[in-house]
Amino acid sequence: MRIVAEHLSYTYNAKSPFETAALKDVSLTIEEGEFFGIIGHTGSGKSTFVQHLNGLLRLPSSMKKYRPKKPKKGQAPLPATVLKVGDFDLTDKKTNFRALRRSVGMVFQYPEYQLFAETVRDDVAFGLKNFSEEKLTDEELDSAVRAALEVVGLDFDELKDKSPFELSGGQKRRVAIAGVIVTRPEVLVLDEPAAGLDPLGKREIMELLHRLHREWCKTVVIVSHDMDEISENCTRAAVFADGRVECVLPPRELFRHAQRLTELGLDVPLTAKLCALLQERGIEIDCDFTVQDFCAKVLDYARSHPKQGGGRA
Amino acid sequence: MKDVSFGQFYPVDSFVHRLDPRLKILFLIAYIVAIFLATNFYGLAACAAVLLLTVVAAHIPLGKVLRAVRGVTFLVLFTAALNVLFYGGETVYWEWGIFCVSFEGIIFSVFLALRLVLLVVCSSLLTYTTTPVSLTDGVESLLTPLKWIRLPIHELALVMSIALRFIPILTDETQRIRNAQMARGADFESGGIIKKVKATIPILVPLLLSAFRRADELGDAMDARCYTGGKHRTKYKKLRFTWRDAVAFLVGAALVTGVVLMRIYLSAPY
Ligand SMILES: Nc1ncnc2c1ncn2[C@@H]1O[C@H](COP(=O)(O)OP(=O)(O)O)[C@@H](O)[C@H]1O
Ligand SMILES: [Mg+2]
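Anyway, here's the lowdown on the structure attached to this text. (Residues numbered from 1 in each chain as written. Chains lettered and ligands numbered in written order. Predicted model: local features only at pLDDT ≥ 70, side-chain atom pairs only at ≥ 80, totals over all residues. Heavy atoms only, no water.)

### A few points about the sheet that holds strand β10 (residues 244-249) of chain A
Residue and element names in this part refer to chain A.
Thought 1: Overall, mixed pairing links the 6 strands, which are arranged β6-β7-β8-β3-β9-β10 in an open sheet. Strands at the two margins of the open sheet, each flanked by one partner only, are β6 (104-107) and β10. Ignoring strand direction, the axes of neighbouring strands in this sheet form an average angle of 15°.
Thought 2: Note that strand β3 (residues 35-40) and strand β9 (residues 236-241) share 5 bridges and pair parallel. Note that in β9 the partner of I39 across the bridge is V239. (Pairing = 2+ DSSP bridges. Helix = DSSP H or I, 4+ residues; strand = E, 2+ residues; numbered from the N terminus. Axes fitted to C-alpha atoms, helices over the stretch in contact; angles between N-to-C directions.)

See the structure below:
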């Protein structure tokens, strides 16, 4: 499913002293099959944006009591907001938001804090039961839960009757993710999936997401403020700053703007910093900013320019 | 504080916001006394006028104030209806079995409804214009005499301020968990009462767990900073009476006296 947003704005607590304009005229297209990254400083509107994608935050025009306002005289009418996820038109009241939520899985930040059921099996099956039209048999539930737990790297037989609260932090997070993907959503959105994990846990989660992208959900969207995560994993990334989209580029293009990113309070990957430093010394390394590629290119460069003391690079 | 719900602080700068919290609490008590001392419409009109003045001086939009009233509409209408039907009285308009609608009953119900509305509005004004912290400071300071009979006033005030502080945090948390479960297809709107109650379990369990976790963390943090309770603690912000408080005091005193005088010298209407 292709995701298209145009001129999307959102304000929390409009017309009160708590008013916060969280999204300002955001336009963004995410193609089907992408592993898309959304990056930005805290408070830049990333979570607000992704919560629109499955209708948890609704546009005014999709509300029941909405009455279109007449544009004031002498004022140019605002450009129309567009928000489409596949065939779902989220600006329309008639959209079936339940069906939408089934197709767009959403993993919130710290998903392990939403576990509630007595057993792992019940917790993972929760979404499945909610979304299915007719009652599923125990066997059907079990086989779906088994598949979901297996794809996140957990053993169904070992865990199914355990309480989710007994598990370790990393396991809890996997169970929570399994509870979202169990309905086989076409788009999977994850808000800061690696937050609060140690480096190994982070890498494992990212590997898990790639597996999901290959085998399970066509499109994956991750939100992060960690540049390394985005650069190592994403096909393209959107940079959010202060409720706007600053730019949408593949990571390798993105890090050519290392300076601008730093200004926005974002950390650029080590490789980009090194490239910038090398560039200052007149050495152009054209790499895709993954560590491996960077090393390979630097070595190539060193071998082809032995005179510049490249032996030590 | 993201959630704007009933009784939450409304952050603007105004005469009322700057009053000493102790004075505001005393004013509220005096005001409630005045409402119940007012036995005729003149008295209630005076109370309403003072309240309106306070709302204006507090820079709180009228809609916000009315929203506080909307929360108790049902209660007000319900008690008023009961009173109309069961009051008894002399000038009877309509009678049926144990029900009886009389002139006195109607007047009494209108009084009651007005009193309730005034009560709700003035109490919500207190929380709209006073931050939880200064509210508890005020309560603590006013209750200081009770330390003489060994009541742990400081600790009680601390409990109160933590409770108030956690309201917005837990409201936020509830919203987050609710969203997460809705993303998994949870439905909190449809179905009968039993289904609705059952549907809250996926919210309540994580919410309770998180409340306990937060309480634990807070306790640890307080221990880590060597918090040991009230003795010898000084205040970061000292409460001080100013000319504003004098003005408010005069208004409050005038209201109570006025209401009492009206009660004695103005017998009509009702
Ligand atoms: N539920 C909410 N109520 C009010 N304001 C909010 C709420 N959620 C987020 N905001 C505000 O909206 C802005 C964008 O927040 P958010 O989308 O959470 O940013 P990010 O996920 O990039 O950190 C912030 O200024 C934040 O304070
Ligand atoms: Mg966020």
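### Comments concerning the packing of aromatic side chains
Residues and elements named next belong to chain A.
Thought 1: One pass over the full model with this rule turns up 8 aromatic pairs over all chains.
Thought 2: When the centroid spacing of 5.1 Å and the interplanar angle of 80° are considered together, the rings of Y10 and Y12 count as edge-to-face.
Thought 3: By relative accessible area, which is 28% here, Y12 ends up partly exposed.
Thought 4: Taken together, a centroid distance of 5.6 Å and an interplanar angle of 55° make the contact between F49 and F240 tilted. Linking F49 in helix α1 (residues 46-53) with F240 in strand β9, this pair joins segments that are 191 residues apart in sequence. There is no split in this pair, since F49 and F240 are both buried.
Thought 5: Directly above the aromatic system of W216 lies the positively charged group of R184, at a separation of 3.8 Å from the ring centroid. (Phe/Tyr/Trp six-rings, centres within 6.5 Å; stacked < 30°, edge-to-face > 60°. Buried < 20%, exposed > 50% of the residue type's maximum accessible area, 1.4 Å probe, protein only. Lys NZ or Arg CZ within 6 Å of the ring centre and 35° of its normal.)

### Remarks on the layout of surface pockets
All names here are of chain B.
Thought 1: Counted as a void, the second largest pocket has a volume near 1500 Å³.
Thought 2: Taken together, 46 residues make up the lining of the second largest pocket; nearest its centre are V133, T136, D137, E140 and K235.
Thought 3: Residue assignment for the lining of the second largest pocket shows that the elements contributing at least two residues are α1 (15-18), α2 (21-37), α7 (132-143), α8 (153-183) and α10 (201-224).
Thought 4: Looking at the lining of the second largest pocket, the element that brings in the most residues is α8, giving 9 residues.
Thought 5: When the residues that make up the lining of the second largest pocket are grouped by side-chain class, the tally is 18 nonpolar, 13 polar and 15 charged.
Thought 6: Counting only domains with at least three residues in the lining of the second largest pocket, you end up with domain 1 (21-143 + 239-265) and domain 2 (151-224). (1 Å grid on protein atoms, 1.4 Å probe; cavity = no way out; pocket = protein on both sides within 12 Å on 5 of 7 lines; lining within 4 Å. Points joined across faces, edges and corners; volume = space filled by probe spheres on them. Nonpolar A, V, L, I, M, F, W, Y, C, P; charged D, E, K, R; others polar. Domains from an automatic or database assignment.)

### Points about a nonpolar patch on the surface
Residues and elements named next belong to chain B.
Thought 1: Taken together, the side chains of Y93, W94, W96, I106, V110 and L114 make up a nonpolar region of the molecular surface, amounting to roughly 630 Å² of accessible area.
Thought 2: Put simply, the parts of the chain that give the nonpolar patch at least two residues each are β1 (92-96) and α6 (103-129).
Thought 3: Examined against the element boundaries, L114 turns out to sit in helix α6. (Patch = residues over 30% accessible without salt bridge, like charges linked within 9 Å, V, L, I, M, F, W, Y side chains within 5 Å. Areas by Shrake-Rupley, 256 points an atom, 1.4 Å probe, with all protein chains shown as cover. Salt bridge = Lys/Arg side-chain N within 4 Å of Asp/Glu carboxyl O.)

### A few points about helix α7 (residues 199-215) of chain A
Residue and element names in this part refer to chain A.
Thought 1: Over its 17 residues, α7 runs 24 Å from end to end, which matches the ideal 24 Å to within 8%, given 1.5 Å per residue.
Thought 2: Turning to α7, its buried residues number three or more, namely G201, I205, M206, L208, L209 and L212. Seen from one end, α7 has its buried residues packed into an arc of 155°, which puts them on one side. Seen from the buried face of α7, the exposed residues on the opposite side, beyond 90 degrees, are P199, R203 and R214.
Thought 3: Buried-residue contacts for α7 involve β3, α4 (138-151), α6 (169-181), β7 (187-191), β8 (219-224) and α8 (227-233). (Expected span 1.5 Å × (residues − 1). Arc of directions from axis to C-beta. Contact = heavy atoms within 4.5 Å.)

### Here's the deal with the site of ligand 1
Thought 1: Every one of the 13 residues lining ligand 1 counts as a neighbour, but G43, G45, K46, S47 and T48 of chain A are closest to it.
Thought 2: Flanking ligand 1 are residues from chains A and B.
Thought 3: G43 of chain A is positioned such that a nitrogen or oxygen atom in its backbone is 2.7 Å from an oxygen atom of ligand 1.
Thought 4: Interatomic distance of 2.5 Å between a side-chain N/O atom of T48 of chain A and an oxygen atom of ligand 1.
Thought 5: For ligand 1, whose free accessible area comes to 560 Å², the fraction covered by protein is 73%.
Thought 6: Elements supplying a minimum of two residues to the shell around ligand 1: β2 (20-30) and α1 of chain A.
Thought 7: For the shell around ligand 1, the element with the highest residue contribution is α1 of chain A, accounting for 3 residues. (Near = heavy atom within 4 Å. Polar contact = N/O pair within 3.5 Å; in protein donor to acceptor, adjacent residues only side chain to side chain.)

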